[in-house]
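# Close look at the chain arrangement
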Amino acid sequence: MTQSMAVREALDAAGSGDRLGVAEVAALLAASGDDLTAVAAAASELRDEGLAEVGRDRQITYSRKVFVPLTRLCRDRCHYCTFVTVPGKLARAGEGMFLEIDQVLSIARQGAALGCKEALFTLGDRPEDRWPQAGEWLAARGYSSTLDYVRAAAVAVLEDTGLLPHLNPGVMSAHEMSVLRPVAPSMGMMLETTSRRLFTEKGQPHYGSPDKDPLVRLQVLRDAGDLRIPFTTGILVGIGESLTERAESLLALADIARAGHIQEVIVQNFRAKPNTAMRGTPDAEMTEFLAAVATARLVLGRQMRVQAPPNLVSREECAALIASGIDDWGGVSPLTPDHVNPERPWPNLTTLAEITAESEYVLAERITAQPPYVLDAENWIDPSLTAHVAALADPTTGLAADTRPSGLPWPAAVA
Ligand SMILES: O=c1nc2n(C[C@H](O)[C@H](O)[C@H](O)CO)c3cc(O)ccc3cc-2c(=O)[nH]1
Ligand SMILES: C[C@H]1O[C@@H](n2cnc3c(N)ncnc32)[C@H](O)[C@@H]1O
Ligand code: SF4
């Protein structure tokens, strides 16, 4: 096997537990051929050691979820996004500016019947700042903001169905997160990238999207740590960031994760969508993507949960993701589409279990908060949610219990 010097040195440094520098991480990210085989093998071994260390030998997790796109209006205009829409289009399609609470509950109830335990609220950022129609819709129902409405919708889901909300509403202030903490055991926001250039330069994917300023997003991630919120984040690979910028993004996440609240890091590959500014940009190249997954594992360490969605690659490529060091497939739905990537259906759960088993791992269901946070609920889960979480989690493993959710009063009665 021919390994380049730079990769060998970076792997040696990673193996001895040294903190990696930007150049070393960039060398790992650039790996292909025999180099990539070696980087992936190191990542895979590190994942295996980490799982064994916490008594979860060879388990790969997923969360059975429904996707609740509370609003597709947004004040941002990311060039890769097809989720976002405008009021005129919604009106022509006969749809409201937001889902009504009834519509949210209808999705959550159907999910509960299928054994889903997570309600993923993914939505556009602060649409009321850009669209008067959004503000009017909220005001007519007594809500002061989109995040105020997210809170009400989360409470309705908890009380009516018992599904656990995971909130992914974009940038939040520390105060906003503290108000949402009692209604969701976990929240998340992709860092996307630390590249400021992609935000400040005209023509770049984050230009004109105030919520994609990496300085703002890094602050959200730090605030979530101060608030002890189990938090999901990650990088979007292939949106025009250089390998050095990708390396800086992973190192920034490793630094933030020292606060202990980063429950999982998503490594998501950009997928070009029709009718977006980036429709002509090629999808993230598989070699580069797998190198990013393996490097994320090496940079973030054995106890980080590294997630890649199984619907953005082929079945064969799912095996390659496992071989590159992931241990989590993220939320997978037997009911709702991935509204961010609607052209990419979920594998059904039997297929996902088969794919996982073919690589000699076992598919295990978790809830929206990762096991360590469930097992240490006193420090990480708001008392208002203790009963909701306890109803769906296995007290020994912190994974999902074999049960169907049902509604519980919120806030939970605290003993
Ligand atoms: O179906 C999706 N789920 C996405 N999820 C949800 C994820 O699959 C799981 O539901 C969470 O990890 C909770 O376990 C995200 C969650 C975040 O906190 C941040 C970003 C994402 C991105 C997506 C996504 O693009 N598609
Ligand atoms: C919810 C998350 O989905 C990701 N996201 C948004 N658009 C795309 C796309 N075209 N391809 C892949 N991921 C995307 C972003 O990282 C966002 O934060
Ligand atoms: S990716 Fe999120 S912030 Fe960007 S336009 Fe789409 S919904 Fe808005």
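Along each chain, residue indices are assigned from 1 in the same order as the chain's sequence is written. Whichever chain is written first is A, and whichever ligand is written first is 1; the rest continue in order. Per-residue local features are limited, in this predicted model, to residues with pLDDT of at least 70; the limit for side-chain atom pairs, both in listing and counting, is 80 or more; totals at the level of whole chains, interfaces and linings are taken over all residues. As a rule here, side-chain values cover all heavy atoms of the structure and leave hydrogens and water aside.

As annotated in an unreviewed UniProt entry, the chain is 7,8-didemethyl-8-hydroxy-5-deazariboflavin synthase from Gordonia otitidis. The annotation that UniProt attaches to the chain under Cofactor (unreviewed entry) is "[4Fe-4S] cluster". UniProt positions are given in the numbering used here, feature names are shortened, and annotations may be inferred rather than shown by experiment. Within the UniProt record for the chain, the comment given under Catalytic activity (unreviewed entry) is "5-amino-5-(4-hydroxybenzyl)-6-(D-ribitylimino)-5,6-dihydrouracil + S-adenosyl-L-methionine = 7,8-didemethyl-8-hydroxy-5-deazariboflavin + 5'-deoxyadenosine + L-methionine + NH4(+) + H(+)".

Right, let's get into the side chain of Q59. Looking at the secondary structure, you find Q59 in strand β1 (residues 59-68). By the criterion applied in these results, polar contacts are pairs of N or O atoms within 3.5 Å in which, for protein atoms, one can donate a hydrogen and the other can accept it, and in which residues neighboring in sequence qualify only through two side-chain atoms. Separated by 2.9 Å, the side chains of Q59 and R56 make a polar contact. Between two residues, a contact is recorded if the distance between any of their heavy atoms is within 4.5 Å. When sequence neighbours within four positions are dropped, the list of residues in contact with Q59 reads L51, D327, V362, A364 and L399. Each helix corresponds to a stretch of at least 4 residues labelled H or I by DSSP, and each strand to a stretch of at least 2 residues labelled E; elements are numbered beginning at the N terminus.

Let us look at the domain arrangement of the chain. For the domain bounds, the source is a domain assignment made automatically or taken from a database. In terms of domain boundaries, the chain breaks down into domain 1 (3-39) and domain 2 (53-391). Computed from C-alpha coordinates alone, the two centres of domain 1 and domain 2 are separated by 29 Å. Each partner contributes to the roughly 1,200 Å² buried at the junction of domain 1 and domain 2, and carbon and sulfur atoms together form 81% of this total. Three residues, V22, L29 and L36, lead the burial of domain 1 against domain 2; their summed loss comes to 45% of the area buried on that side. What makes a salt bridge here is a side-chain nitrogen of Lys or Arg within 4 Å of a carboxyl oxygen of Asp or Glu, nothing more. Inspection of the domain 1/domain 2 interface yields zero salt bridges. For the pair domain 1 and domain 2, the interface holds zero residue pairs in polar contact (both at pLDDT 80 or more). Of all elements in the fold, only α2 (22-29) and α3 (33-53) reach the threshold of two or more residues within the side of domain 1 that touches domain 2. Looking at the side of domain 1 that touches domain 2 element by element, the count peaks at five residues for α2. Accessible area that two parts lose when put together, evaluated with a 1.4 Å probe and summed over both, is termed the buried area.

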